[in-house]
Amino acid sequence: MKQDMIKKGLNLIENAGLVIILIATLVAITQEVWVIIQAREVRLSDLLLLFIFLEVVALVGIYYESHRLPVRYPLYIAIIALARYIILDSKDLVPWGLVAVSVTILVLTISVFLLRIGHSRFPYKEGD
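Residues numbered from 1 in each chain as written. Predicted model: local features only at pLDDT ≥ 70, side-chain atom pairs only at ≥ 80, totals over all residues. Heavy atoms only, no water.

Trainee: What is the right way to look at the environment of I105 in this model?
Mentor: Here I105 shows up in helix α4 (residues 95-121). What I105 contacts, discounting residues up to four positions off in sequence, is I79, L82, A83 and I86. (Helix = DSSP H or I, 4+ residues; strand = E, 2+ residues; numbered from the N terminus. Contact = heavy atoms within 4.5 Å.)

What follows is the structure, encoded as structure tokens:
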């Protein structure tokens, strides 16, 4: 009985956190779209930022449905964020900084590739 109450309480806190993250992300999307409308132009950096927001929304949806946090989605978000960083700050980056960020993107991409291979060869069993 007490464990059921604790589980329900934790589930309520988890769902409230997901709703807060979702609302904050939707507000951020709205703000970014408003900036695009006011500027009357869409830049690549704006699109990449919107992709980051959409990945967060997808991550919330997947976590809500499955109660699991897929590792690939935060990796996708990191790759897009680093690509956006290169686009926005490439003129201010020293050459080694650009190489470091590029290598980081490569490592994250290889990680996603290996995770996908691992999931296809060793899929999760129900209840894992």
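Trainee: Would you explain the packing of helix α2 (residues 44-66) against helix α3 (residues 72-89) in this entry?
Mentor: For the pair α2 and α3, interaxial distance at closest approach is 9 Å and the crossing angle is 165°. One way to sum up the angle between α2 and α3 is to call them roughly antiparallel. Here α2 runs over α3; the crossing is left-handed. Seen from α2, the contacting residues are L44, S45, L48, L49, F51, I52, E55, V56, A58, L59 and I62; seen from α3, they are Y73, P74, Y76, I77, I80, A81, A83, R84, I87 and L88. Class assignment of the residues belonging to the contact of α2 with α3 gives a composition of 18 nonpolar, one polar and two charged. (Axes fitted to C-alpha atoms, helices over the stretch in contact; angles between N-to-C directions. Parallel < 35°, antiparallel > 145°, perpendicular 65-115°, else oblique. Left-handed = near helix turned anticlockwise from the far one by under 90°. Nonpolar A, V, L, I, M, F, W, Y, C, P; charged D, E, K, R; others polar.)

Trainee: In this structure, what is going on with a nonpolar patch on the surface? I would like to understand it.
Mentor: A cluster of nonpolar side chains, V42, L44, L47, F51, L54, I87 and L88, forms an exposed patch at the surface whose accessible area comes to about 630 Å². Elements that contribute at least two residues to the nonpolar patch include exactly α2 and α3. Inspection of the secondary structure puts L88 in helix α3. A residue is classified by how much of its surface remains accessible, and L88, at 34% relative accessible area, is partly exposed. (Patch = residues over 30% accessible without salt bridge, like charges linked within 9 Å, V, L, I, M, F, W, Y side chains within 5 Å. Areas by Shrake-Rupley, 256 points an atom, 1.4 Å probe, with all protein chains shown as cover. Salt bridge = Lys/Arg side-chain N within 4 Å of Asp/Glu carboxyl O. Buried < 20%, exposed > 50% of the residue type's maximum accessible area, 1.4 Å probe, protein only.)

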